[in-house]
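# Results of the structural survey
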Amino acid sequence: MHLTVIGCGYLGAVHAAAMAECGHDVLGVDIDPDKIAALNAGQAPFHEPFLDALLEQHTASGRLRFTTSYQEAAEFGEIHFLCVGTPQRADSDAADTTYLDAAVSALTAHLGAGPALIVGKSTVPVGTARTIAQRLPAGAELAWNPEFLREGFAVEDTLTPDRLVLGVESQNAEMMLRAVYTAAIDAGTPVVTADFATAELIKTAANAFLATKISFINAMAEVCEAAGGDVTVLARGIGHDERIGNRFLRPGVGFGGGCLPKDLRAFAARAEELGTGQSLEFLAHIDAINLRRRQRVVDLARQACDGSLAGKRVAVLGAAFKPDSDDIRDSPALDVAARIHAEDAEVTVHDPRAMDNARKAHPQLSYAATPRAAAEDAHLLLHLTEWPEFARIDPATLPVAARTVIDGRGGLDPARWRAAGWTYQTLGRS
């Protein structure tokens, strides 16, 4: 099939490459000419495992191309996937659908009278799909097919999804989407068919539930710290209950990134608009717990430095919001680093992938090419992004001024660090 992918950021670039891998002819569209040039050269403008290999293979074969021309896209595609970002609005917690609206207008301006299926994948407030559907020209039909990608696993999640949600209003739209995803469906991927509103809500509800689970265990960490309990044992104890499960019950400095925080707030804001704000009031508490964990790390850092961070050298391991990504959007690691710097500490950051992005966003911080260089003469070490290589560091070899570490992700081996003479502290344990 001939597919277009409108918007070539984290979602769109991965979707375009994966659809080419599935055997479709794909044209990606973005308004950024530098991004288009990089993608046509087989290079992703961000780090995502396995993406560069797919881009290189399928741009070379001719199955995958990228353009800035909406006219070319309209003439090329049978199905047009909308993968445009919906960030938080500057003036409220609501989602900003400006870029999505602009993309729809730009595409439909060039669609002829023939049939076309436009498929939304962006995360949007419920009701957005209905509004877009009413704007489409005759012959064009809308479907909503939300994404459920994890950064660091986005290629895998696109090629072998754990479910496909098809928000459709006609059998034709459903059959066309099933044809797009034939390989995944034949491999046993469950398909959920829904109306527009339910498809939109499945995505926002999934993110809200995930955020709730993460913040729940972090709330338990706060209680454990006060009561002298061990949150890691608590998590293991409740995780054996199959009704709860143990995934995402790992306490730490909290979630970040370009999805969960803004989607959580946008969901609550949309509920207020619908007159059902009370039903999602708890999401404000979930958000507050998450942000409070960042300040808790700062407070622990201050305590570890005898009550003042002024003049202290602090090494921060991590800048990306999660491992296997260079995404620093709402990164807890960088937020903590910036807060500590604001208390007049000298902060040096190391991250395997996110250094360039971090420098641009936080030029006030210092950066080091290796963990060892970041730790040189440090009075305190903070572990804030759970890269596997950080867990493999030999703590005895770090040239610090004081052997004190706060493990904000619970990913280091306490016995190993203590055996090397370190004072080790993590969240949720006395």
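In what follows, the structure referred to is the one given above.
Let me sum up the structure you'll find in this document. (Residues numbered from 1 in each chain as written. Predicted model: local features only at pLDDT ≥ 70, side-chain atom pairs only at ≥ 80, totals over all residues. Heavy atoms only, no water.)

Helix and strand content of the protein: 18 helices and 14 strands. What you see for the protein is a C-alpha radius of gyration of 23 Å, in line with the 22 Å of a compact globule of 430 residues. By its C-alpha atoms, the protein is 70 × 50 × 40 Å across when sized along the principal axes. Among the 430 residues that make up the protein, the fraction classed as buried is 53%. Sequence separation of 24 or more characterises 70% of the internal contacts of the protein that already satisfy a separation of 6 or more. Summed over its atoms, the accessible surface of the protein is roughly 18,200 Å², and 52% of this surface lies on carbon and sulfur atoms. Here the protein holds 39 positive side-chain charges and 55 negative ones, and the gap between their average locations is 5 Å. (Helix = DSSP H or I, 4+ residues; strand = E, 2+ residues; numbered from the N terminus. Rg over C-alpha atoms; globule rule 2.2 N^0.38 Å. Buried < 20%, exposed > 50% of the residue type's maximum accessible area, 1.4 Å probe, protein only. Contact = heavy atoms within 4.5 Å. Areas by Shrake-Rupley, 256 points an atom, 1.4 Å probe, with all protein chains shown as cover. Lys, Arg positive; Asp, Glu negative; His and termini not counted. Charge placed at Lys NZ, Arg CZ, Asp CG, Glu CD.)

For the structure on display, the rule yields 27 salt bridges. Notably, a salt bridge pairs Arg293 with Glu222, separated by 3.5 Å at the nearest N-O pair. A residue pair is termed long-range when its members are at least 10 positions apart, and Arg293 in helix 13 (residues 282–304) and Glu222 in helix 10 (residues 196–227) qualify at 71 residues. Its salt-bridge partner being Arg243, residue Asp241 comes within 2.6 Å of it at the nearest N-O pair. We classify Asp241 as partly exposed; its relative accessible area is 23%. Each of Glu222, Glu225, Arg292, Arg293 and Arg296 takes part in a single network of salt bridges with overlapping partners. (Salt bridge = Lys/Arg side-chain N within 4 Å of Asp/Glu carboxyl O.)

With parallel pairing, six strands are arranged side by side in an open sheet as 11-10-9-12-13-14. Looking at strand neighbours, the two that pair on one side only are strand 11 (366–367) and strand 14 (423–426), the edges of this open sheet. Examined bridge by bridge, strand 10 (residues 346–350) and strand 11 share two bridges and lie parallel to one another. In the sheet register, Thr348 faces strand 11, and the bridge partner there is Ser366. Most of the contacts of helix 13 go to strand 13 (residues 404–407), to which it runs at about 170°, and overall it touches strand 12 (380–383), strand 13 and strand 14. Where helix 14 (residues 332–342) meets the sheet, its contacts fall on strand 9 (313–317), strand 10 and strand 12, and the angle it forms with strand 10 comes to roughly 160°. (Pairing = 2+ DSSP bridges. Axes fitted to C-alpha atoms, helices over the stretch in contact; angles between N-to-C directions.)

By secondary structure assignment, the location of Asp351 is in the loop between strand 10 and helix 15 (355–361). In this structure Asp351 is buried but unpaired, with Arg353 as the nearest side chain of opposite charge at 7.4 Å. Among the polar contacts made by the side chain of Asp351, one reaches the main-chain amide nitrogen of Ala319 at a distance of 2.8 Å. Of the polar contacts made by the side chain of Asp351, one reaches the backbone nitrogen of Ala320; its length is 3.1 Å. When near neighbours in sequence (up to four residues on either side) are disregarded, Asp351 contacts Gly318, Ala319, Ala320, Thr385 and Trp387. (Polar contact = N/O pair within 3.5 Å; in protein donor to acceptor, adjacent residues only side chain to side chain.)

Next up on the list: the packing of helix 13 against helix 14. When two helices pack together, their arrangement is given by the angle between the helix axes and the distance between those axes. Closest axis-to-axis distance for the helix 13/helix 14 pair is 10 Å, and the angle between their directions is 45°. Looking at the two axes, helix 13 sits oblique to helix 14. Taken as a pair, helix 13 and helix 14 cross one another with a handedness that is right-handed. Between helix 13 and helix 14, the residues in contact are Leu291, Arg294, Gln295, Val297, Val298 and Ala301 and Pro332, Asp335, Val336, Arg339 and Ile340, respectively. Of the residues that constitute the contact of helix 13 with helix 14, the class distribution is seven nonpolar, one polar and three charged. (Parallel < 35°, antiparallel > 145°, perpendicular 65-115°, else oblique. Left-handed = near helix turned anticlockwise from the far one by under 90°. Nonpolar A, V, L, I, M, F, W, Y, C, P; charged D, E, K, R; others polar.)

A few words now on unusual backbone geometry. The phi angle at Phe248 is positive, at roughly 65°, despite the residue not being glycine. Relative to the elements of secondary structure, Phe248 occurs in the loop between helix 11 (231–239) and helix 12 (260–273). Phi is positive for Asp306, which is not a glycine, with a value near 60°. Counting through the fold element by element, Asp306 comes out in the loop between helix 13 and strand 9. For Asp306, a relative accessible area of 75% puts it in the exposed group.

Looking now at helix 10. Spanning 32 residues, helix 10 covers 47 Å between terminal C-alpha atoms, matching the ideal 46 Å at 1.5 Å per step. By the N-cap criterion, in which a side-chain oxygen at the helix start approaches the backbone nitrogen of a residue two or three places on, helix 10 is capped by Asp195, the distance to Ala197 being 3.2 Å. A positive backbone phi angle near 85° is found at Gly228, which sits one or two residues after helix 10. (Expected span 1.5 Å × (residues − 1).)

On to the nonpolar core. Grouped together as the largest cluster of nonpolar side chains are 38 residues, with contacts concentrated most on Phe81 and Leu177. Per-element accounting of this core gives the leading share, eight residues, to helix 1 (residues 10–21). With near-sequence residues (within four places) excluded, Leu177 lies in contact with Phe81, Leu117, Val119, Ala143, Leu166 and Val168. In terms of nonpolar packing, the next biggest core, distinct from the first, is built from 30 residues, Ala333, Ala337, Val347 and Leu365 among them. (Core = buried A, V, L, I, M, F, W, Y, C linked by side-chain atoms within 4.5 Å.)

What follows is about the environment of Glu147. The residue Glu147 is located in the loop between strand 6 (140–144) and helix 7 (154–159) in this model. Residue Glu147 is classed as buried on the basis of its relative accessible area, which comes to 10%. In this structure the C-alpha to C-alpha distance between Glu147 and Ser122, which are 25 residues apart in sequence, comes to 7.1 Å. When neighbours within four sequence positions are excluded, Glu147 is seen to be in contact with Leu11, Lys121, Thr123 and Lys203.

As a further point, take the environment of Ala235. Structurally, the position occupied by Ala235 is in helix 11. The spacing of Ala235 and Asp101 is 134 residues in sequence and 43 Å in space, taken between C-alpha atoms. Look past the residues within four positions of Ala235 in its chain and what remains in contact with it is Ile217 and Leu249.

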